[in-house]
Amino acid sequence: MARAVDQRIFVAGHRGMVGSAIVRRLQALGYGNLLTATHAELDLTNQAAVQAYFAAHAVDQVYLAAAKVGGIHANNTYPAEFIYQNLLMQANVVQAAHAHGVQKLLFLGSSCIYPRMAEQPMREDALLTGTLESTNEPYAVAKIAGIKLCESYNRQYGRDYRSVMPTNLYGPGDNFHPDDSHVIPALMRRFHEAKEQDAPRVVVWGSGAPRREFLHVDDMASASVYVMELDATVWQAHTRPTLSHVNVGCGADMTVGELAESIARVVGFKGGIEFDASRPDGTPRKLLDVSRLSGLGWKASIPFETGLAETYDWFVAHKGEVRV
């Protein structure tokens, strides 16, 4: 049997923020046999194409980081695309992995799988106990389906398909689109442009009161590989067949108002900050209970302002690219 670092590992979504971080992490750990494919080379929503890809490559492991993602505006504007494309990508990759004998797969979900008013911090067993946040319900339903897809193949076929649910992620490689991005890149771009234009103030969507937890994408990549490498007996001792996903976060949160102040400080914006309460807030609070992952031996290590500064440096260096 091949050594772990010789495994042929397919990273689906390797050009995205999370997928590219996982590639970096695997390479840093000595994994040199990585398989990647751009969207032009492989459309993950095309079942026949995905089956053909797995048939042509002797894949040993899969990191399923590919997804259609976006912030509140994007989720509200394109709900059909968010549920349809994510369901297709997940189903096609998991089924192809199984059909071609791949025993190990890691599915990356999202903390939006939990009910809008879930008890804080949100434990894994809060799944399917209440109503989802309406602004991203289609995406959340797709991610819940992905968890249950992996669990079903484990139960029926004895596969080792694991799921990790990250909190709000940020970092190099993020999408800085002015309308469709998540809160950190959206605000970072807004404050940067305000600084360049010497604007007197920046308007932030919502009341500023909702609380959010943030994790640097390199910490997420570290956790993903850590979970994938855990011995099966250790993993099974901390999970259940029908409750097998694990939260990934830092265990602390802040208000959106505090976040805006931190970003303004990192960017160097000296003007005022105003909040537009006519815009949607989303879920009041989203803090993950990370005790299960802590019990497995992993904790986040990148300080928030350090991560913000690194992300801002990346944005400034790449702000002429398409995704910004």
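Take the packing of helix 1 (residues 17-28) against helix 7 (residues 217-229) next. Running from amino to carboxyl end, helix 1 crosses helix 7 at an angle of 60 degrees, the nearest separation of the two axes being 8 Å. In terms of orientation, helix 1 lies oblique with respect to helix 7. Seen along the crossing, helix 1 lies across helix 7 with a hand that is right-handed. From helix 1, Met17, Val18, Ala21, Ile22, Arg24, Arg25 and Leu26 reach across to helix 7, where they touch Val217, Asp218, Met220, Ala221, Ser222, Ser224 and Val225. In terms of residue class, the contact of helix 1 with helix 7 is made up of nine nonpolar, two polar and three charged.

Our next topic: the environment of Thr283. Relative to the helices and strands, Thr283 resides in the loop between strand 12 (272-276) and strand 13 (285-286). Between the C-alpha atoms of Thr283 and Asp160, which are 123 residues apart in sequence, the distance is 32 Å. The residues contacting Thr283, other than those within four sequence positions of it, are Arg116, Glu133, Pro210 and Arg212.

Turning to the pattern of salt bridges, a few remarks are in order. Within the structure shown, the criterion is met by 11 salt bridges. A salt bridge links Arg24 to Asp218; its shortest N-O distance comes to 2.7 Å. Within this pair, whereas Arg24 is found in helix 1, its partner Asp218 is found in helix 7, the two being separated by 194 residues in sequence. Given the relative accessible area of 36%, Arg24 is considered partly exposed. According to the relative accessible area criterion, Asp218 is partly exposed, its value standing at 25%.

Before going further, it helps to spend a moment on the sheet that holds strand 2 (residues 34-35). Taken together, the six strands give an open sheet; going across it, the order is 2-1-3-4-5-10, and neighbouring strands pair in parallel fashion. Each edge of the sheet is formed by a strand with only one pairing partner; in this case those strands are strand 2 and strand 10 (246-248). On top of the sheet, helix 5 (residues 137-157) reaches strand 4 (104-108) and strand 5 (160-166); it is set at about 155 degrees to strand 5, its chief contact.

The rules behind these values
- Each residue is numbered by its place in its chain's sequence as written, counting from 1.
- Owing to the predicted nature of the model, reporting of local features is limited to residues with pLDDT of at least 70; listing and counting of side-chain atom pairs is limited to 80 or more, with chain, interface and lining totals taken over all residues.
- Side-chain measures were taken over the full set of non-hydrogen atoms in the model, leaving aside hydrogen atoms and water.
- Throughout, an axis means a line fitted to C-alpha atoms (over the contacting stretch in the case of helices), and angles, computed between N-to-C directions, take values from 0 to 180 degrees.
- Helix and strand definitions follow DSSP, with helices as H or I runs of at least four residues and strands as E runs of at least two, each counted in order from the N terminus.
- In what follows, roughly perpendicular refers to angles from 65 to 115 degrees, roughly parallel to angles under 35, roughly antiparallel to angles over 145, and oblique to any angle outside these ranges.
- Handedness of each helix crossing follows the sense of rotation of the near helix against the far helix: counterclockwise by less than a right angle gives left-handed, clockwise gives right-handed.
- Contact definition: two residues touch when any of their heavy atoms are within 4.5 Å.
- Ten residues, namely Ala, Val, Leu, Ile, Met, Phe, Trp, Tyr, Cys and Pro, are considered nonpolar, four, namely Asp, Glu, Lys and Arg, are considered charged, and the remaining ones, Gly among them, are considered polar.
- Whenever a carboxyl oxygen of Asp or Glu lies within 4 Å of a side-chain nitrogen of Lys or Arg, that contact is scored as a salt bridge.
- Only protein chains enter the accessibility calculation, which uses a 1.4 Å probe; a residue is then buried when its area is under 20% of its type maximum, exposed when over 50%, and partly exposed in between.
- Here the rule is simple: two strands pair whenever DSSP picks up at least two bridges between them.

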